[in-house]
Amino acid sequence: MSPDPAPFDLERIRAEFPILAARTYLNTCSLGALSRRSEAYLDEFRERWHTMGASAWYEHWLARIEDLRRKVAAFWGAASAETALLPSTSVALSVVAESVPPSRRNRVVCSELDFPTLTYQWAVKPGIELVVLESPDGVRMDPEQYAEAVDDRTLFLATSHVFFTTGYVQDLRALSDIAHRAGAWCLVDGYQGAGQVPLDLSSTGADFYTGGPLKWLLGGPGLAYLYVRDDLVRRLEPRITSWFATEDQFGFDPRAFRYHSDARRFEMGTPSVPTVHTALGGQEIVDEVGIARIAERNRTLTQHLVERCREAGFSLRLAEPAHRSAIVMVRHDDPAGAVAHLAGRGIIVDHRPGHVRVSPHFYNTEEELDRCVQALAAYRG
Ligand SMILES: Cc1ncc(COP(=O)(O)O)c(C=O)c1O
């Protein structure tokens with residue numbers, strides 16, 4: 001990450017993302033916008049495939065994978081040796097579930113606000129008692145709820161950094177302390193956190209954290225990132241694996257599997273190389289703008305959106321300011337109809353049950369938010 005970011009030039013930043021000239025794009029929490037930078041990396045990937053074929057692997061692509069690993073590790077406050085690349089969050093979560101040593105503990109504590117791929121990991125495992133805690137208000141979870149539920153039968157406290165339908169930002173330090181006090185592992189699904197919320201994983205105490213380029217990191221679909229805390233990497237021996245996880249990957253010896261000494265031991269085969277390229281473009285832009293500035297800009301945009309929605313008479317499902325992120329849920333009687341109405345006017349948002357979901361990022365403007373709220377106000381369902 002650049003220690004001294006260049007001045008924030010919104011016009012220049014917006015010019016990087018062609019969709020912003022064509023649409024009012026307010027759906028980053030589903031899919032971040034594609035940049036010219038990512039496109040240039042993708043062009044390079046395609047060109048090398050055309051001109052070099054498989055030698056591109058050895059001369060370029062393996063190095064690109066390591067570039068990305070280094071950038072992601074620096075971005076989220078970890079070492080490269082603590083960072084693995086995987087095909088999806090679901091795969092990252094299942095590798096974690098299959099990496100901790102067998103234990104008499106069989107309880108996994110999650111929340112009803114988590115993205116379901118997290119709870120599903122344990123719902124399908126025989127012998128696991130899955131506890132899905134209820135939110136007191138449909139927006140947040142209180143650390144005390146986890147503290148009550150996590151006990152000496154608990155294997156994992158597994159929950160989100162930022163909830164995907166409320167934008168509520170959980171306190172990672174509090175979560176990991178609760179898990180560790182009870183002797184449980186702390187696993188965090190950070191797909192909606194990394195890229196919009198400042199992160200320093202080495203100081204959170206979390207054992208495992210998953211993220212990916214799809215949304216706030218502006219790198220597209222096809223990859224996920226897994227952080228495993230340094231002191232755990234060498235102790236854990238995943239029971240699902242691949243040739244990327246072995247120490248001597250290019251020795252090709254079917255008799256000699258040895259876990260890699262770093263987080264590559266959690267990897268599950270060839271990563272999506274096109275996505276490695278698009279992810280590099282997105283990550284570079286995020287690093288250049290700087291996560292502190294992104295978070296500050298997103299706070300300003302979110303506050304503006306909240307005020308406009310309230311002025312227009314909408315009620316919101318919203319976290320208190322100290323736990324708020326750039327995911328705003330607007331109550332609506334016909335969310336799907338509203339999203340289609342807005343799409344007809346070039347405004348891209350999303351819906352979840354009972355709500356229209358609006359998620360600006362640092363590249364959006366206050367005018368775009370005004371346009372969105374005006375169009376929404378014209379369609380009450
Ligand atoms: C919090 C969260 N976790 C996980 C996912 C998706 O997981 P996967 O990469 O397995 O598709 C999403 C959304 O796509 C999400 O919002």
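In short, a report on the structure. On a predicted model such as this, the values are computed, not experimentally measured, just so you know.

### A look at helix α8 (residues 172-181)
- The set of residues buried in α8 consists of L172, A174, L175, S176, I178 and A179.
- Elements that come into contact with the buried residues of α8 comprise α7 (143-149), β5 (154-160), β6 (185-189) and β7 (208-211).
- Near the N-terminus of α8, the side chain that reaches the backbone nitrogen of R173, with its oxygen 3.0 Å away, is that of D171.

### Re the pairing of strand β13 (residues 355-358)
- Covered by surrounding structure in β13 are H355 and R357 together with V356 and V358, the residues of both alternating faces.
- Across 4 bridges, strand β10 (residues 328-331) lies against β13 in antiparallel orientation. If you follow M329 over to β13, its bridge partner there is R357.
- Summarising the sheet, strand β12 (residues 350-352) and β13 pair through 3 bridges and their orientation is antiparallel. Bridged to D350 within β13 is R357.
- Between the end of β12 and the start of β13, which pair antiparallel, lie 2 residues, with G354 showing a positive phi angle near 80 degrees.

### Focus: helix α6 (residues 116-123)
- Within the sequence span of α6, burial applies to T117, L118, T119, Q121 and W122.
- In this structure, the buried residues of α6 make contact with α5 (89-97), β3 (107-111), β4 (129-133), β5 and β6.

### A few points about the pattern of salt bridges
- Within the structure shown, the criterion is met by 29 salt bridges.
- Note that R308 is salt-bridged to D370, the shortest N-O span being 3.5 Å. With R308 in helix α11 (residues 291-311) and D370 in helix α13 (residues 366-377), this pair connects stretches of sequence that are 62 residues apart.
- Taking the relative accessible area as the measure of exposure, R308 reaches 24% and is therefore partly exposed.
- Judged by relative accessible area, D370 falls into the partly exposed class, the value being 23%.
- Several salt bridges converge on common partners, so that one network encompasses E16, R37, K71, E284 and E288.

### Some points on the nonpolar core
- Of all hydrophobic cores here, the largest spans 54 residues; its most connected members are L68, W76, Y146, Y209, Y225 and Y363.
- The set of elements that each furnish at least two residues to this core consists of α4 (55-75), β4, α7, α8, β6, β8 (224-228), α10 (273-289) and α11.
- Here the element with the most residues in this core is α10; it accounts for 6 residues.
- Leave out the neighbours within four places in its chain, and Y225 touches L68, V72, W76, A84, L85, Y209, T210, G211, G212, P213, L217 and A279.
- Among the nonpolar cores identified, the runner-up in size contains 25 residues, and L93, V108, W122 and F266 belong to it.

Definitions and cut-offs
- Residues numbered from 1 in each chain as written.
- Predicted model: local features only at pLDDT ≥ 70, side-chain atom pairs only at ≥ 80, totals over all residues.
- Heavy atoms only, no water.
- Buried < 20%, exposed > 50% of the residue type's maximum accessible area, 1.4 Å probe, protein only.
- Helix = DSSP H or I, 4+ residues; strand = E, 2+ residues; numbered from the N terminus.
- Contact = heavy atoms within 4.5 Å.
- Polar contact = N/O pair within 3.5 Å; in protein donor to acceptor, adjacent residues only side chain to side chain.
- Pairing = 2+ DSSP bridges.
- Salt bridge = Lys/Arg side-chain N within 4 Å of Asp/Glu carboxyl O.
- Core = buried A, V, L, I, M, F, W, Y, C linked by side-chain atoms within 4.5 Å.

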